[in-house]
Amino acid sequence: MIYQFTIYPIECVYKILYLTLSELLNSWGLALIFMSVVTYILMRPLAKWAEKFQAEEKNIQAVLVPQLAAIKENFSGAEQHKKIQRLYRRYAYHPALAIRSAAGMILQLPFLTAAYYMLDNLPDIIGQSWWLIDDLSQPDGLLGSVNFLPFLMTAINLLGTFSVKTFSRREKIQASVVAILFLVLLYDAPSALLIYWTCNNLWTTLAILFNSIVPKKFSATQARVKKFLSDEVILLSFSLTLFIFIPL
């Protein structure tokens, strides 16, 4: 029931988009890259919304953590519990709201799941080759018995994680653990899914790197230009992707 009303509609949209792009481009591989481009552009508003929630959670934790540490150090038992609850009420906060720190990952999961089901059950790509990959419906096996694409995806994920200057050490560790978890879960996934998801992560990583390289002090006009370039860095990212997946 939950699948029918959450994942399945996204899966249907993905299938229509992918089949349409593959027919227009006459390439199952390029269609995956273009599908990731479309997904990235459409996801930008939702990603900004998730970033806002994450920022709110980080700000409130910066205020609460020192006070919670002081309470735990000076009080115990029922009195400690009472003071902690009073602190939460003062800031209109509930521990369950900590889930906001994972808003970005939670937002991605339905789309990754939908893409996985769509590509894993798509008969059209069975036996279809692209560049060095013999069958997009199977693990790539580019390194003999070892699959290369899962490690490429993980490397890009880790690069993006450690490029975010505002991440604390704890956040970087958490993000790294998630990246390794995805490596394990998707290691034997179809090559098509790895190409698509790796491209998705590449766009985000390049946008992060762009924002970290461009100077922070801008005039009003320059700030608007920076915002536009940050949102549209997908165009540059797409060009760079071609040099990764397609021989020059």
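Residues numbered from 1 in each chain as written. Predicted model: local features only at pLDDT ≥ 70, side-chain atom pairs only at ≥ 80, totals over all residues. Heavy atoms only, no water.

Student: I keep staring at the overall build of the protein and nothing clicks. Help me out?
Tutor: Helix and strand content of the protein: 10 helices and 0 strands. Reading the secondary structure of the protein in the N-to-C direction produces α-α-α-α-α-α-α-α-α-α. Expressed as a percentage of the 248 residues in the protein, the buried residues total 38%. Counting every atom, the protein has about 14,600 Å² of accessible surface; 66% of that belongs to carbon and sulfur. (Helix = DSSP H or I, 4+ residues; strand = E, 2+ residues; numbered from the N terminus. Buried < 20%, exposed > 50% of the residue type's maximum accessible area, 1.4 Å probe, protein only. Areas by Shrake-Rupley, 256 points an atom, 1.4 Å probe, with all protein chains shown as cover.)

Student: Sorry if this is basic, but what is going on with the packing of aromatic side chains here?
Tutor: Each pair of aromatic rings is reported with the distance of its centres and the angle of its planes. In this structure the tally under the stated criterion is 6 aromatic pairs. Ring centres 6.0 Å apart and planes at 75° place the aromatic pair Tyr116 and Tyr117 in the edge-to-face group. Members of the aromatic cluster, connected to one another through ring pairs, are Tyr14, Tyr196 and Trp197. The ring of Phe75 has Lys83 sitting right over it, with the charged end atom 4.7 Å from the ring centre. (Phe/Tyr/Trp six-rings, centres within 6.5 Å; stacked < 30°, edge-to-face > 60°. Lys NZ or Arg CZ within 6 Å of the ring centre and 35° of its normal.)

Student: So what exactly am I meant to see when it comes to the nonpolar core here?
Tutor: Considering soluble globular proteins, one finds that nonpolar side chains tend to be buried as a cluster. Membership of the largest hydrophobic core comes to 43 residues, with the highest contact counts inside it found for Tyr18, Leu186 and Ile195. Contributing elements (two or more residues each) for this core: α2 (7–25), α3 (28–74), α5 (103–120), α6 (149–163), α7 (169–186) and α8 (191–213). In terms of residues, this core owes the most to one element, α8, which gives 11 residues. The contacts of Tyr18, once residues within four sequence positions are left out, are Trp28, Ala31, Leu32, Met35, Met118, Leu119, Leu122 and Ile125. Membership of the second largest hydrophobic core comes to 8 residues, among which are Leu64, Leu68, Ile84 and Tyr93. (Core = buried A, V, L, I, M, F, W, Y, C linked by side-chain atoms within 4.5 Å. Contact = heavy atoms within 4.5 Å.)

Student: How should I be thinking about the side chain of Thr39 in this particular structure?
Tutor: Here Thr39 lies in helix α3. There is a polar contact of 2.8 Å between the side chain of Thr39 and the backbone oxygen of Met35. Setting aside residues no more than four positions away along its own chain, Thr39 makes contact with Tyr14, Tyr196 and Asn200. (Polar contact = N/O pair within 3.5 Å; in protein donor to acceptor, adjacent residues only side chain to side chain.)

Student: Even after reading the chapter, I still don't get the environment of Leu183, so can you show me in this structure?
Tutor: Mapped onto the elements of the fold, Leu183 is located in helix α7. Residue classification places Leu183 among the buried residues on the basis of a relative accessible area of 13%. C-alpha separation for the pair Leu183 and Thr154, spaced 29 residues apart in sequence, amounts to 6.2 Å. The contacts of Leu183, once residues within four sequence positions are left out, are Pro150, Phe151, Met153 and Thr154.

Student: Explain the confidence of the model for the protein here, please?
Tutor: Detailed reading of the predicted model is not advised wherever pLDDT is low. On average, the protein scores 81 in pLDDT, and the residues at 70 or more come to 84%. α2 holds the highest mean pLDDT among the elements of the protein, 90, whereas helix α10 (residues 234–245) holds the lowest, 52. Of the regions scoring below 50 in pLDDT, residues 244–248 engages in 16 contacts with residues more than four places distant in sequence or in other chains. (pLDDT = per-residue confidence, 0-100.)

Student: Mind showing me how you'd approach helix α4 (residues 77–90) here?
Tutor: For an α-helix the count is 3.6 residues per turn, leaving residues at separations of three or four pointing the same way. Here α4 is 14 residues long and its end C-alpha atoms lie 20 Å apart, about the 20 Å a rise of 1.5 Å per residue gives. Within the sequence span of α4, burial applies to Gln80, Ile84, Leu87 and Tyr88. Along the axis of α4, the buried positions cluster into a sector of 100°, meaning they face one direction only. Exposed and facing more than 90 degrees away from the buried side of α4 are Ala78, Lys82, Arg89 and Arg90. Contacts made by the buried residues of α4 are with α3. (Expected span 1.5 Å × (residues − 1). Arc of directions from axis to C-beta.)

Student: It is not clear to me how the side chain of Asn200 should be interpreted in this structure. Could you clarify?
Tutor: Along the chain, Asn200 turns up in helix α8. Not counting residues within four places of it along the chain, the set of residues in contact with Asn200 comprises Ser36, Thr39 and Tyr40.

Student: Mind showing me how you'd approach the packing of α2 against α3 here?
Tutor: Each pair of packed helices can be described by the angle between their axes along with the distance between the axes. Between α2 and α3, the least distance of the axes is 8 Å, while the angle of their chain directions is 130°. Between α2 and α3, the crossing angle belongs to the class labelled oblique. α2 and α3 meet at a crossing whose hand is right-handed. Judged by residue contacts, Tyr14, Leu17, Tyr18, Leu19, Leu21, Ser22 and Leu25 of α2 engage Trp28, Leu30, Ala31, Leu32, Phe34, Met35, Val38 and Thr39 from α3. (Axes fitted to C-alpha atoms, helices over the stretch in contact; angles between N-to-C directions. Parallel < 35°, antiparallel > 145°, perpendicular 65-115°, else oblique. Left-handed = near helix turned anticlockwise from the far one by under 90°.)

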